Amino acid sequence: MQKKFLVILEMDLSKVVHRRKPDFPVTLFRPRASDKNQHIQEISVKSLELIKVIRLLEDPLTANLKERHLFVVKKLLKRNQIGFLLKDLTGITKILNICAEKVTDHPEYVPVLCEAIQICRLPFLKEKASDELNYAQDVIEFLSDMGCLMRVPDAEVRQHIVESVKSFYSCVAPKQLLDGTDRLSKPKPRSFHSDNRFSRLSPRLQPTSPGYRLQLLERSDLAQTLLLSMAALDNQPAIKLQLLQTLQILSSSSDMNCALILNARGAEMICLHMNEPDPSGQVLFRSAEILWNLLERGSEEVTAQLSSMECVISLKEAFFHQLMSGFRQSDLQLRNDLLVITTLITENPNSLLIESSFAKQLVVLVTFPEIKSHNPLVHNLKLTYNNEDLKMKKLLLNLLVLMSKDLGALQLYKEESVMLVLLTLAKPPAASSEPRSASRQWSSIQQEELQLQALAALSTLAPLMLDDYMSCQGNACLLLILDWCVAQDALFGQGDMGERGSKKAQMRHCIRVLRSVTSLGEDSVHLDLCDQGTINQLLGILMQMEASPDEEDVVTLEIKSDIQLILSALCESDMHRKELFGSEGVEMAVHFLKKGSHKFYSGLGHNKLILSTVDCVWSCIVGCYTTEDYFLAKEGVSLLLDLLSSSPRCLHCNVLATLLELCDNPNTLSYILSWRDSGGQTAPSFLLQLWRDEEEELRVSRNQHGGIADPQRPLLSHYQQENTQRSFPGNVQSAAVLELSENLRSKIYSIFCKLGFQDLPGLSRKHHVTLSIVRRYLDFKVGEVWEEISRELSLDGVTPITPDKEALSTIGKIAEDTARRVAAEQNRILELQEKEDIGEEELMYTEIKSHWKQRELTAKSWDSYVSKTSNYEILKEVKAQREKYLESSRPDPKHEDAAVHLTEHFIGKVMSVERTDAQGPAGVKLTLARAPIKAAGQDEVGPTTQDPEYFSTVSVKE
């Protein structure tokens, strides 16, 4: 029975293998069918073939037919030599797994596996465009199982797998690898006509794009599986190297691949195996490249894996091996790469660099060759002073900063005299006429880079190692560097922030170091700097930079603001140093205040410069009457008020605090009261406007006129109302107390306490409404604090004793009554304002009515004049009225003489003078003009002018 079954199965397989003969067209022996029916038939036949092959390989009855298995599988692979169909991948996967299981006992299956893996290098084939989406999961599982074939112990199989995966990326351009488009939905067409194998493709079969396979590879477990297979390759170094190359490609092409590698703790595994014996010298290089790729795409997870003791020791061994034995350019670059990886690990707070003694060895290396050491680590170390050695030195200096977060590292720095090394590197180069030897010391450009790096490290380490800094005379060294920076005959200076010949970068870092050490407030440091004339030196540098014609940039503005901060730290608590600041310092502050705040949001750093200037006024000028009076004489108060009126809200607190401190000087008040802004607004009205803006920002309850709306909460802000149900611990300031320092109202109130609340210039009724609140601010704040105390006692469940309870109640009533009296006062002010507005309105209406009446009279007079000149009848009537009026105004007969006498009065005017031969007055002839004087009550409607009546010429006689 068994023989019969084998014969039948062999006959079926023979039919499968020899079904398609190129020499015998099928159409000659059967009726022609449509292409669609033929395609369906071929698909079903191919599926049947895979099922029969799998059944042959799995069936217990045929399990020992090794020759038949190989024959059938080879035939199957031969028919798929141009690529596997997407729909067949599931069956192909099963066949490969079965063959892989048989390899252990039957090595004859190895060639079959190798041939199948070689076919995997080719693109998969699709029959329809939708196959790429329909069979995507099959492709993912196929690629995952392909990685699992690494379990086969045969070296040839493993090599073919690794090479096949590498080939996936060789046919795709780097730009396509990094392309983030959806290759599943929109596969990129690719031409395969250059390969003869694809010229035999059926028109119904098309290759998938290479990007399609790579995208699905990212979703498979192939990268993770290949990583885990490294443990089985200890006896196969050549394949292990190829596997590392493949992992390097995978990690450089995809974030998902990196995530898969990290999920299998790939960074730790790579690090632990990178020091294994390697004749080629490539394992360490490939391992470092993989770690680089992982760090670029998942830094935190990688550093966490590399922070273990084993990994740190492995990195240490690799680094010092390259340090001592590497001489080629590639070896030096690899050494620096390992140092960069170590630097990134140092940023992890859980790294064990100190515990592994790696940190101590690195610190010793930092001091070489500036300090001679008997440490065997540097005894035989030779530097070539090339660019790679320079990079290593800069990386080591950077490591000092990163490791300084650990107190143990600071102790190492003290033991190895790191501060002395940094100050030595930071010193300006000594002038020497002897030529430099490039093979024995750093070149001038390299020295400059090391100088900048050392200064950058000092800005962090000097405050942490202040004793070492002072013992090495760090202040004197930095002041010498500043002198060198402003000198005209410096040796070099290209810097990282300036042009060639400029030492702006060195000055920037030097000022940073001084700012960091002075910000600690250590008296010994301040005294040492002031004894060396630092105040005058910094003022000179600042004004010299200000006088420079160069445009201001970020670096220049940073230097200026840092210098002002240093001066503030030095002068803040010492009167003698404020006197040393003197008139020169006042001139400097006034100069920067005059710049205003119009560049506050320029983005270059003007905002910091303005803040540091105000801080400099507060710390270096306020408190010393000599500098204060000079500052007032230079219109400093006006400049501060101008800055307050034009600056953004974030600057108001500092400026107001400075003005408040200046108000202790009695001469300040007159300057404040005489100030006017560009619109003519006085200082009191401007301060009250600031108060209203502040309360609007705090959302304090106010009515439409700015008066008190809630007498129980005259000052309470919206933030305080939201926290009424919170109880603050004893060591935390409550909201009512914290509010004093966070807004401007307390400072404005204090300034008005200096100015007074009466007879202030430029205040309107609206200002007086706000001023009434300002006057009672302290009373309201006291009541608010007591109310907060009462509320917190209630929240804490504390019941005060009767006298205390009565006292709290009385204080609350007094505060509320005060608020009600202020509200009533505000109402009276508003009523008086309303009456004044009504009176002004009535006066305005009266003026308007008078104006319109005058216009009516003028129009009526004009109409009358026009009617007289244009209508003769009206003119006669007017003349008759005038004559009648004249008749009625004539005197009685008894007064006729007087009337005649009156009418003879005239006004004469000399028109000409002539002389004759006669003597005396008779010889003078005068020509006079006369005009009768109008009698009282004469008709006003008559002519207003009259032609003069000329006398005849007469002689004047005695």
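Above this text sits the structure in question.
What comes next is a walk through the structure. Everything quoted here is computed from the prediction, not taken from an experiment.

Cut-off values and rules
Once a new chain begins, its residue numbering starts again from 1 and follows that chain's sequence as written. Totals for whole chains, interfaces and linings use all residues, but because this is a predicted model, local features are given only for residues with pLDDT of at least 70 and pairs of side-chain atoms are given and counted only at 80 or more. In computing side-chain properties, one takes all heavy atoms of the structure into account and sets aside hydrogens as well as water. Helix and strand definitions here come from DSSP, where helices need a minimum of 4 consecutive H or I residues and strands a minimum of 2 consecutive E residues; each element is numbered from the N-terminal end. Residue burial is assigned from relative accessible area. The probe radius is 1.4 Å, only protein chains are included, and a residue is buried under 20% of its type maximum, exposed over 50%, and partly exposed in between. Residue contacts are defined here by distance: any two heavy atoms, one from each residue, within 4.5 Å place the two residues in contact. Each accessible area is a Shrake-Rupley result for a 1.4 Å probe, and residues are judged covered by the shown protein chains and nothing else. In these notes, a set of buried Ala, Val, Leu, Ile, Met, Phe, Trp, Tyr and Cys residues joined through side-chain atoms within 4.5 Å is what counts as a nonpolar core. Residues forming no salt bridge and having over 30% relative accessible area are the ones grouped into patches, like charges within 9 Å of each other and nonpolar side chains (Val, Leu, Ile, Met, Phe, Trp, Tyr) within 5 Å. The term salt bridge refers to a pairing of a side-chain nitrogen on Lys or Arg with a carboxyl oxygen on Asp or Glu at a separation within 4 Å. For the purpose of charge, His is not counted, nor are the chain termini; Lys and Arg are scored as positive and Asp and Glu as negative. Just so you know, the charge point we use is NZ for Lys, CZ for Arg, CG for Asp and CD for Glu. Any helix carries an expected span of 1.5 Å times its number of residues minus one. In the analysis that follows, any N or O atom pair within 3.5 Å is treated as a polar contact, provided that within protein one partner can donate a hydrogen and the other can accept it, and provided that, for residues neighboring in sequence, both atoms belong to side chains. A fitted line through C-alpha atoms represents every axis, and for helices the fit uses only the stretch in contact; the resulting angles, taken between N-to-C directions, go from 0 to 180 degrees. For this classification, under 35 degrees means roughly parallel, over 145 means roughly antiparallel, 65 to 115 means roughly perpendicular, and everything else is oblique. Put simply, a crossing is left-handed when the front helix is turned counterclockwise from the back one by less than a right angle, and right-handed when it is turned clockwise. Classification used: nonpolar for Ala, Val, Leu, Ile, Met, Phe, Trp, Tyr, Cys and Pro, charged for Asp, Glu, Lys and Arg, polar for all others including Gly. Any two cysteine sulfur atoms within 2.5 Å of one another count as a disulfide.

**Topic: the overall build of the chain**
Link 1 in the chain: Looking only at helices and strands, one finds 45 helices and six strands in the chain.
Link 2 in the chain: Within the span of the chain, comprising 958 residues, buried residues form 44% of the whole.
Link 3 in the chain: Within the chain, contacts between residues at least 6 apart in sequence are counted, and of these 74% link residues at least 24 apart.
Link 4 in the chain: Here the chain has roughly 51,700 Å² of accessible surface; of this, 53% comes from carbon and sulfur atoms.

**Things to note about the nonpolar core**
Link 1 in the chain: Within the largest apolar cluster, 224 residues are counted, with the highest numbers of intra-cluster contacts made by Leu-247, Tyr-413 and Leu-567.
Link 2 in the chain: Excluding anything up to four places from it in sequence, Leu-247 contacts Ala-223, Leu-226, Leu-227, Met-230, Ile-261, Ile-270 and Ile-290.

**Examining the environment of Gly-783**
Link 1 in the chain: By the element assignment, Gly-783 lies in helix H42 (residues 777-795).
Link 2 in the chain: As for Gly-783 and Gly-812, which are separated by 29 residues in sequence, their C-alpha atoms are 6.2 Å apart.

**Re a negative patch on the surface**
Link 1 in the chain: Side chains of Glu-831, Glu-834, Asp-837, Glu-840, Glu-841 and Glu-842 sit close together on the surface and give a patch of like negative charge.
Link 2 in the chain: By the secondary structure assignment, Glu-834 is in helix H43 (residues 802-870).
Link 3 in the chain: Its relative accessible area of 48% is what places Glu-834 among the partly exposed residues.

**So, helix H44 (residues 872-888)**
Link 1 in the chain: The end-to-end C-alpha distance of H44 is 24 Å, a good match for the 24 Å that 17 residues give at a rise of 1.5 Å each.
Link 2 in the chain: Backbone nitrogen of Glu-873 and a side-chain oxygen of the N-cap are separated by 3.1 Å at the start of H44; the cap is Asn-871.

**Side note on the pattern of salt bridges**
When charged atoms on two side chains of opposite charge get close, those side chains can pair.
Link 1 in the chain: Across all of its chains, the model carries 35 salt bridges by this definition.
Link 2 in the chain: A salt bridge links Glu-695 to Arg-702, with the shortest nitrogen-to-oxygen separation between them at 2.7 Å. With respect to class, Glu-695 is no different from Arg-702; both count as buried.
Link 3 in the chain: A salt bridge links Asp-710 to Arg-713, with the shortest nitrogen-to-oxygen separation between them at 3.3 Å.
Link 4 in the chain: Classification of Arg-713 by relative accessible area gives partly exposed; the value is 38%.
Link 5 in the chain: Ionic contacts of the salt-bridge type, sharing partners, join the residues Glu-546, Glu-552, Lys-560 and Lys-595 into one network.

**Quick notes on helix H14 (residues 266-273)**
Link 1 in the chain: Extensive coverage of H14 is indicated by the burial of seven of its eight residues.
Link 2 in the chain: Against the buried residues of H14 lie helix H11 (222-228), helix H12 (237-253), helix H13 (255-263), helix H15 (283-297), helix H16 (299-306) and helix H17 (309-325).

**Re the side chain of Thr-658**
Link 1 in the chain: Counting through the fold element by element, Thr-658 comes out in helix H35 (residues 652-662).
Link 2 in the chain: On the basis of relative accessible area, Thr-658 is assigned to the buried category, the value being 0%.
Link 3 in the chain: There is a polar contact of 2.9 Å between the side chain of Thr-658 and the backbone oxygen of Asn-654.
Link 4 in the chain: Not counting residues up to four positions away in its chain, the partners in contact with Thr-658 are Val-614, Val-617, Trp-618, Val-622 and Leu-640.

**Digging into the packing of helix H31 (residues 575-593) against helix H32 (residues 606-621)**
Link 1 in the chain: Relative orientation of the contacting elements H31 and H32 amounts to 150°, with a least axis distance of 10 Å. What the angle tells us is that H31 and H32 run roughly antiparallel. Considering how the two elements wind past one another, H31 and H32 form a crossing that is left-handed. From H31, Lys-578, Phe-581, Val-586, Met-588, Ala-589, Phe-592 and Leu-593 reach across to H32, where they touch Leu-609, Thr-613, Cys-616, Val-617, Ser-619, Cys-620 and Ile-621.
Link 2 in the chain: Its residues assigned to classes, the contact of H31 with H32 comprises 11 nonpolar, two polar and one charged.

**Let's talk about a nonpolar patch on the surface**
Link 1 in the chain: Taken together, Leu-778, Val-782, Trp-786 and Ile-789 make up a surface patch of nonpolar side chains, about 330 Å² in accessible area.
Link 2 in the chain: With a relative accessible area of 44%, Leu-778 lands in the partly exposed category.

**Description of the state of the cysteines**
Link 1 in the chain: Applying the stated rule across the entire model yields zero disulfides.
Link 2 in the chain: Take Cys-472: it sits in no disulfide, and the sulfur closest to it among the cysteines is that of Cys-477, at 9.5 Å.
Link 3 in the chain: The closest cysteine sulfur to the non-disulfide-bonded Cys-620 is located on Cys-616, 3.8 Å from its own sulfur.
Link 4 in the chain: Residue classification places Cys-620 among the buried residues on the basis of a relative accessible area of 0%.

**So, unusual backbone geometry**
Link 1 in the chain: Cis geometry marks the peptide bond from Phe-368 to Pro-369; its omega dihedral reads 5°.
Link 2 in the chain: Checked against the element boundaries, Pro-369 lands in the loop between helix H19 (358-366) and helix H20 (376-379).
Link 3 in the chain: Non-glycine residue Tyr-385 carries a positive phi angle of around 60°.

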